[in-house]
Amino acid sequence: MNDLFIGFTSVGWQHFVMYAIGLTLIWLAIKKEYEPMLLLPIGFGAILVNLPLSAVLSYGGEPGWLSVLYSAGIKTELFPLLIFVAVGAMIDFGPLFKNPIMIFFGAAAQFGIFATMIVATFLGFNLKEAASIGIIGAADGPTSIFVASLFAPKYLAAISVAAYSYMSLVPIIQPPVIKILTTKEERRIHMEYHESSVPKWLKVMFPIVVTMVAGFIAPISVPLIGSLMFGNLIRESGVMERISQTAQNELANIVTLLLGITIGSSMTAANFIEWKTILIMAMGLVAFVFDTAGGLLFAKLVNLFLPKGKKLNPMIGACGISAFPMSARIIQKMASDEERGNIILMQAIGSNVSGQIGSIIAGGMVLALVPLLMK
Amino acid sequence: MDQIIEYFRMMGEKGADGSLVHRYGTAIQALGVTAGGLIGVFGTLALFYVLIVIANRVADRKPS
């Protein structure tokens with residue numbers, strides 16, 4: 001008789017909390033349109049995996065379909081890397097070539113990763129866990145998943161959910177930080193932009209050279225940067241248009257779908273319901289705030305050395321986080337709100353695509369340095 | 001360089017019972033990662049900056 005009602009007797013209050021979390025994620029995806037491509041499958045995965053007996057994880061001693069996907073796509077780091085191929089095919093580095101100075105904001109805005117890592121160690125996380133939490137500040141889901149799956153698989157679910165949630169909340173997180181750290185006059189600064197064409201050979205050589213340079217400086221970052229740049233090379237080569245479109249659309253869609261539901265499958269009540277999950281979510285917010293502040297303050301620092309009339313709009317620095325292209329759009333909107341006709345979109349995009357490269361290099365640095373110090 | 005790494009590594013040293021020998025050891029190791037990481041990120045992107053500037057100059061001279 002007990003077996004007949006096993007579905008009802010094998011769940012506890014923790015499972016109901018997970019259903020609520022899953023439903024909340026689905027609600028955020030549908031109603032608020034916060035990263036729906038990821039939050040919806042993650043939310044549904046969280047419900048699936050916490051249903052009685054978790055048959056999607058294992059059934060009759062055999063691994064269930066979500067376990068198979070997890071082993072094939074997350075443990076091997078395949079899904080995040082395939083996402084990078086797709087992202088690479090979507091990125092146009094043109095605005096960066098026209099304003100190469102913007103590349104430094106892509107470095108400065110990685111400050112949040114490291115600041116959050118230090119804070120996390122004070123909260124009792126070990127170095128590998130703290131580094132994985134800090135990487136939420138990469139504002140780059142695949143990098144977060146890549147690092148967390150290597151350093152802190154236990155917290156992979158919480159870190160992924162935090163990374164994607166805060167990425168979708170960039171329009172809410174960045175404006176108040178920017179307003180606190182800048183004056184109205186600074187937000188009104190105009191920046192000149194000269195339209196010029198970028199030669200094709202430069203666009204083709206860039207992904208090849210960047211991959212090779214990154215390979216020599218931080219060999220461990222090659223899977224990340226290599227897959228991003230491979231996607232970009234497909235795009236810029238001009239001879240693989242059909243493949244480029246496939247990478248940008250079909251590949252991105254299929255892998256995102258599988259990635260989302262697989263991440264959701266790691267949200268078992270036993271893994272997820274603990275106070276450290278709340279800390280990780282809080283740390284994720286801290287990382288995004290520090291990233292924004294880091295990029296912005298760096299721009300203000302650069303302005304100290306620039307003559308009047310050549311000053312940068314410091315909001316550009318905040319775009320150095322890798323939430324592409326959302327951050328650039330927000331900065332442009334803020335600039336227009338401050339003063340109609342103030343167009344800084346191209347500079348913002350240049351800074352934003354630099355953030356993509358910067359976050360991957362930062363991920364590679366963390367992957368290289370943490371084991372070195374823990375030996 | 002090896003000495004710097006050794007210093008940060010030593011600060012995270014653990015005793016036989018698993019506790020940290022040095023107070024704030026992990027945080028100091030995190031500082032080491034931060035210093036190395038920021039130098040690495042800025043250094044790598046500075047190199048890309050130089051490459052883009054050189055490429056732009058070459059492109060300006062060369063008729064496309």
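Placed above this text is the structure.
What counts, and at which threshold
- Residues numbered from 1 in each chain as written.
- Chains lettered and ligands numbered in written order.
- Predicted model: local features only at pLDDT ≥ 70, side-chain atom pairs only at ≥ 80, totals over all residues.
- Heavy atoms only, no water.
- Phe/Tyr/Trp six-rings, centres within 6.5 Å; stacked < 30°, edge-to-face > 60°.
- Helix = DSSP H or I, 4+ residues; strand = E, 2+ residues; numbered from the N terminus.
- Buried < 20%, exposed > 50% of the residue type's maximum accessible area, 1.4 Å probe, protein only.
- Contact = heavy atoms within 4.5 Å.
- Buried area = accessible area lost by both parts, 1.4 Å probe.
- Salt bridge = Lys/Arg side-chain N within 4 Å of Asp/Glu carboxyl O.
- Polar contact = N/O pair within 3.5 Å; in protein donor to acceptor, adjacent residues only side chain to side chain.
- Axes fitted to C-alpha atoms, helices over the stretch in contact; angles between N-to-C directions.
- Parallel < 35°, antiparallel > 145°, perpendicular 65-115°, else oblique.
- Left-handed = near helix turned anticlockwise from the far one by under 90°.
- Nonpolar A, V, L, I, M, F, W, Y, C, P; charged D, E, K, R; others polar.

Some details on the packing of aromatic side chains
All names here are of chain A.
Argument step 1. Taken as a whole and judged by the stated rule, the model has 9 aromatic pairs over all chains.
Argument step 2. Considering the side-chain rings of F105 and F298, the 5.9 Å spacing of their centres and the 75° angle between planes classify their relative orientation as edge-to-face. Linking F105 in helix α7 (residues 103-108) with F298 in helix α18 (residues 275-304), this pair joins segments that are 193 residues apart in sequence.
Argument step 3. The class for F105 is buried, based on a relative accessible area of 2%.

Digging into the interface of chain A and chain B
Argument step 1. Chain A puts 39 residues into the contact, and the matching count from chain B is 32 residues.
Argument step 2. The junction of chain A with chain B conceals about 3,100 Å² of combined surface from both sides, 86% of it contributed by carbon and sulfur atoms.
Argument step 3. Looking at the side of chain A facing chain B, the largest losses of area belong to F114, W201 and L373 of chain A, adding up to 19% of the total buried there.
Argument step 4. Summed over the shared surface of chain A and chain B, the number is 0 salt bridges.
Argument step 5. The interface formed by chain A and chain B contains 2 residue pairs in polar contact (both at pLDDT 80 or more).

Comments concerning the pattern of salt bridges
All names here are of chain A.
Argument step 1. As enumerated under the stated definition, the model contains 6 salt bridges over all chains in all.
Argument step 2. Between E186 and K300 there is a salt bridge; the shortest N-O distance is 3.2 Å. Placement of the pair is E186 in helix α13 (residues 184-187) and K300 in helix α18, with a sequence separation of 114 residues.
Argument step 3. Between R187 and E338 there is a salt bridge, and its shortest N-O distance comes to 2.8 Å.

Overview of the packing of helix α2 (residues 13-31) of chain A against helix α3 (residues 36-49) of chain A
Packed helix pairs are characterised by how far apart their axes lie and by the angle those axes make with each other.
All names here are of chain A.
Argument step 1. Where α2 contacts α3, the two axes come as close as 8 Å, and the packing angle between them is 160°. With respect to α3, the element α2 is oriented roughly antiparallel. At the point where α2 passes α3, the crossing takes the left-handed sense. Residues Y19, G22, L23, L25, I26, L28, A29 and I30 of α2 form the contact with α3, whose own contacting residues are P36, L39, L40, I42, G43, F44, A46 and I47.
Argument step 2. Looking at the contact of α2 with α3, its residues break down into 14 nonpolar, 2 polar and no charged.

These figures come from the coordinates and say nothing about function on their own.
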